[in-house]
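# Notes for the structure review
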Amino acid sequence: MDLAYTPEEEDFRERLREWLAKVLPGLPAKPSPDDWPGRRAYDLGWQRMLYDAGYAGLHWPVDAGGQGATPTQHLIFLEETEKAGAPYVGANFVGLLHAGPTIAAEGTAEQRARWLPPVLRGEQVWCQGFSEPDAGSDLAALRTRAWRDGEDYVVNGSKIWTSHAEVADWCELLVRTDSAAPKHRGISWLAMPMDAPGITVRPLRTLAGSTEFAEVFLDDVRIPVANRVGAENDGWRVTMVTLSYERGTAFVGEVVACRRVLGALAREARANGRWDDAVLRRRLGRLNAEFRTLWRLTQWNVSESQTTGGVPGVGGSVFKLRYSHARQELYDAAAEVLGPEALDLGRDWTLDRLSSLSYTIAAGTSQIQMNIVAERILGLPKGR
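Cut-off values and rules
Residues numbered from 1 in each chain as written. Predicted model: local features only at pLDDT ≥ 70, side-chain atom pairs only at ≥ 80, totals over all residues. Heavy atoms only, no water. Salt bridge = Lys/Arg side-chain N within 4 Å of Asp/Glu carboxyl O. Helix = DSSP H or I, 4+ residues; strand = E, 2+ residues; numbered from the N terminus. Buried < 20%, exposed > 50% of the residue type's maximum accessible area, 1.4 Å probe, protein only. Core = buried A, V, L, I, M, F, W, Y, C linked by side-chain atoms within 4.5 Å. Contact = heavy atoms within 4.5 Å. pLDDT = per-residue confidence, 0-100. Expected span 1.5 Å × (residues − 1).

### Side note on the pattern of salt bridges
Taken as a whole and assessed by the stated rule, the structure comprises 22 salt bridges. With a closest N to O distance of 3.2 Å, arginine 48 and aspartate 52 form a salt bridge. With arginine 48 and aspartate 52 both in helix 2 (residues 36-53) and 4 residues apart, this pair spans about one turn of that helix. What makes arginine 48 partly exposed here is its relative accessible area of 34%. A salt bridge links lysine 83 to glutamate 79; the shortest N-O distance between them is 3.1 Å. Here lysine 83 and its partner glutamate 79 are both found in helix 3 (residues 71-83), 4 residues apart, which amounts to about one turn of the helix. When its relative accessible area of 9% is taken as the criterion, glutamate 79 is described as buried. One continuous salt-bridge network, built from bridges that share partners, spans Glu10, Arg13, Arg17, Glu79, Glu80 and Lys83.

Printed below as a string of structure tokens:
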């Protein structure tokens, strides 16, 4: 493991900082959180700016349309854009962070040419159709069924917690193509156009009042066999590639953001008199150490990724497990600092506190992450 940055990497950082300082002041105002068409346009506009500047798909392979940057350069990019307050990938996060890298790693040349350029240019949005009402964390228990009819699959079932489905053009969809096979082996990964007949999208309102998730109902939806990524019934392995990206680097910017929030909390506590509470100071100090450690763990995972061809390893589960809980503890501390004002939805951190409750569920529950750590890192036997 090498956590030091090379002169070339520091030069990359400096050039990125200069570009961000030049373009960020000219960005339009962010749309309302409830304006999803506006948010889509805003997020894709930012993606186009990244594309024109040569920063789109930074860590994607060159033959997939990316820049072929090292994982360390990607880490620097995520760190600096978050520090500068640049827009997050937003509505396009599935395409850029999950589906895109999966297609780049597992797709055919034709599939790469078809789906990856529009993602990088900020022209299309993807959503993720993995979880189901009765198969959330137990993803292998999914029941959405696809049967072969000539050159199409005919799909019936439903998905839930489908991020940005109401503004998506495509969906990375998991379906069961062999109901007689063991549950991990009868799954296939399909790219589904969201304008196909038979698709019904119903937005779900979260505790924080937003609607970035949706239920998706599929009624005899026809998807070409050519839209399958990987072999039929090999979708579980392909999905593990997707989830390794989701748990590997997808939260890097959020660690930087949490460290910034922690500093703001300390300043708020000094301003409102709560800094005199020694217990609170110790709590904030411990969180500071926690997030510094998580940042080092991120660097470790990136260093490992750089030696293994760019695909994050199971260390991403260690990170995701601890980060989910640390984020919740951070915003519990924010509530303590704010006192009664923590109930005011207009105050900073209040909505983030509500959002933090989902992090021990999203991208694989903490229980699933503990199983992965126990079995794949510690070598413990599988539970019965």
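### A closer look at the nonpolar core
Core analysis: the largest hydrophobic core is formed by 42 residues, its most contacted members being Trp19, Trp46, Tyr55, Phe77, Leu265, Phe291 and Leu330. Those elements that place two or more of their residues in this core are helix 1 (7-23), helix 2, helix 3, helix 7 (252-272), helix 8 (278-307) and helix 9 (315-338). Sorting elements by how many residues they give to this core places helix 9 first, with 10 residues. The contact partners of tyrosine 55, leaving out residues within four places of it in the chain, are Phe12, Arg15, Leu16, Trp19, Leu50 and Phe77. If you look at the next biggest cluster of nonpolar residues, it comprises 27 residues, including Val94, Trp126, Leu142 and Leu174.

### What to know about the confidence of the model for the protein chain
Low pLDDT means the predicted coordinates in that region are not meant to be read closely. Within the protein chain, residue pLDDT values average 85, and 88% of them lie at 70 or more. When pLDDT is averaged over each helix and strand of the protein chain, the minimum, 70, is found for helix 6 (residues 235-248) and the maximum, 98, for strand 8 (residues 228-229).

### Digging into helix 5 (residues 109-120)
An α-helical segment advances 3.6 residues per turn. Residues three or four places apart therefore align on the same side. The terminal C-alpha atoms of helix 5 lie 16 Å apart, and with 12 residues this matches the ideal 16 Å at 1.5 Å per residue to within 8%. Looking only at helix 5, the buried set comprises Gln111, Arg112, Trp115, Leu116, Pro118, Val119 and Leu120. Buried residues along helix 5 sit in contact with helix 2, helix 4 (93-106), strand 1 (126-129), strand 4 (170-176), strand 5 (187-193) and strand 8. At the exit of helix 5 stands glycine 122, carrying a positive phi of roughly 75°.

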